Amino acid sequence: MGAIIAVVNQKGGVGKTTSAVNLTAALHELGQRVLLCDFDPQANATSGFGISRRPKKSSYDVIINGVPARELIVSTPWGDVIPSTPALAGASVELTAMEQREFVLKTALAPLRDAYDYLFIDCPPSLELLTLNALCACEQILIPVQCEYYALEGLSDLMSTMRAVKRRLNPGLSIFGVLLTMYDGRTNFSNQVAQEIRRFFPGKVYSTAIPRNVRLAEAPSYGEPVLAYDRRSRGAEAYLDVAREILRRR
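Criteria and cut-off values
- Residues numbered from 1 in each chain as written.
- Predicted model: local features only at pLDDT ≥ 70, side-chain atom pairs only at ≥ 80, totals over all residues.
- Heavy atoms only, no water.
- Helix = DSSP H or I, 4+ residues; strand = E, 2+ residues; numbered from the N terminus.
- Buried < 20%, exposed > 50% of the residue type's maximum accessible area, 1.4 Å probe, protein only.
- Contact = heavy atoms within 4.5 Å.
- Core = buried A, V, L, I, M, F, W, Y, C linked by side-chain atoms within 4.5 Å.
- Expected span 1.5 Å × (residues − 1).
- Arc of directions from axis to C-beta.
- Phe/Tyr/Trp six-rings, centres within 6.5 Å; stacked < 30°, edge-to-face > 60°.
- Pairing = 2+ DSSP bridges.
- Axes fitted to C-alpha atoms, helices over the stretch in contact; angles between N-to-C directions.
- Right-handed = clockwise from strand over helix to strand, strands pointing away.

A. Molecular detail of the side chain of Ser-59. Among the secondary structure elements, Ser-59 is positioned in helix H3 (residues 59-64). The buried category is assigned to Ser-59, whose relative accessible area is 1%. What Ser-59 contacts, discounting residues up to four positions off in sequence, is Asp-38, Phe-39, Leu-72, Ile-82, Pro-83, Ser-84 and Leu-88.

Okay, structure coming up:
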């Protein structure tokens, strides 16, 4: 049965979608069956796999119109994707009128668990009803944290939300891992932030940090994970190393 993991951080620009896309591709390359559910109205994970941001059906149809998730899966050379669309931005309002509204995504993804080793959910960069659905659907969360000044800002809010969800809605929820992003090992500052994050999340931070890398920034504009865009880049190697670490930990 596959592990359902929400990639979440309500702070934007931390490498959340970049990590969701490239870990999906890296684990796929290492022989795992991987599905990425794009649950962010920005649909950047969708376009990052070369899929149109205006698909005929999307994750919006899964949670609002009851379309079986299996019917929306798009297979790519780098893993399977349930695409998103900007229409998902209005889903939070529509969900409020539904019974068991926090568990719609969980119900939708449940039939897919036996078909995959890992199911990642790319969450919106906010703590709202879509993200709450993802936190109820998953077993664990993966938190990308950038090695910059405001790295820990907002993490206390995320942890408070996680504790509330665990207490009231999803008792088994836990942290899958914490991924350092935008790391520059040449600076004392990046090292200090990394040390602080490891102190904040003891035993949960991956030993591999994702460096600042031009190829990582360029790859989405070509609709490819960095492994396809430049396999030998530092960014590609870093995500492969994290994927290997994930497999060792499991």
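B. Spotlight on the nonpolar core. Ranked by internal contacts, the top residues of the largest apolar core, which has 54 residues, are Ile-63, Leu-105, Ile-121, Ile-141, Ile-143, Ile-197 and Phe-201. In terms of residues, this core owes the most to one element, helix H6 (residues 129-137), which gives six residues. Apart from residues lying up to four places away in sequence, Ile-143 is in contact with Val-8, Asn-9, Leu-155, Leu-158, Met-159, Ile-175, Gly-177, Val-178, Leu-179 and Phe-201. The next biggest cluster of nonpolar side chains, apart from the first, holds 34 residues, and it includes Ala-20, Val-34, Tyr-239 and Val-242.

C. Layout of helix H8 (residues 188-200). With 13 residues, H8 extends 18 Å from end C-alpha to end C-alpha; this agrees with the ideal 18 Å at 1.5 Å per step. Taken as a whole, H8 has its buried residues at Ser-190, Val-193, Ala-194 and Ile-197. Buried residues of H8 fall within an arc of 100° about the axis and therefore sit on the same side. Turned more than 90 degrees off the buried face of H8, the exposed positions are Asn-188 and Arg-199.

D. The arrangement of the environment of Gly-185 in detail. Of note, Gly-185 is situated in the loop between strand E7 (174-181) and H8. Separated by 27 residues in the primary sequence, Gly-185 and Arg-212 place their C-alpha atoms 9.6 Å from one another.

E. The packing of aromatic side chains, seen in detail. Taken as a whole and judged by the stated rule, the model has four aromatic pairs. Centroid distance Tyr-118 to Phe-120: 6.2 Å. Interplanar angle 10°. Geometry classified as stacked. No difference in accessibility class separates Tyr-118 from Phe-120, as the two residues are buried.

F. Representation of the sheet that holds strand E5 (residues 118-122). Overall, mixed pairing links the seven strands, which are arranged E3-E4-E2-E5-E1-E6-E7 in an open sheet. On the outer flanks of this sheet lie strand E3 (74-76) and E7, each paired with one strand and no other. On average, each strand axis in the sheet is inclined to that of its neighbour by 25°, with strand direction left out of account. Looking at chain direction, strand E1 (residues 3-7) and strand E6 (residues 140-146) are connected through three bridges and run parallel.

G. The pairing of E7, seen in detail. Within E7, seven of the eight residues are buried, which leaves the element mostly enclosed by the surrounding structure. Here seven bridges tie E6 to E7, and the two strands are oriented parallel to one another. Counterpart to Ile-143 in the pairing with E7 is Val-178. Read as a crossover between parallel neighbours, the route from E6 over helix H7 (residues 155-168) to E7 is right-handed.

H. A look at the environment of Met-182. Turning to its location among the elements, Met-182 is positioned in the loop between E7 and H8. Linking Met-182 and Pro-211, residues 29 residues apart in sequence, is a C-alpha distance of 5.0 Å. Among residues more than four places away in sequence, those in contact with Met-182 are Gly-13, Val-14, Gly-15, Gln-146, Cys-147, Glu-148, Ser-190, Ile-210, Pro-211 and Arg-212.

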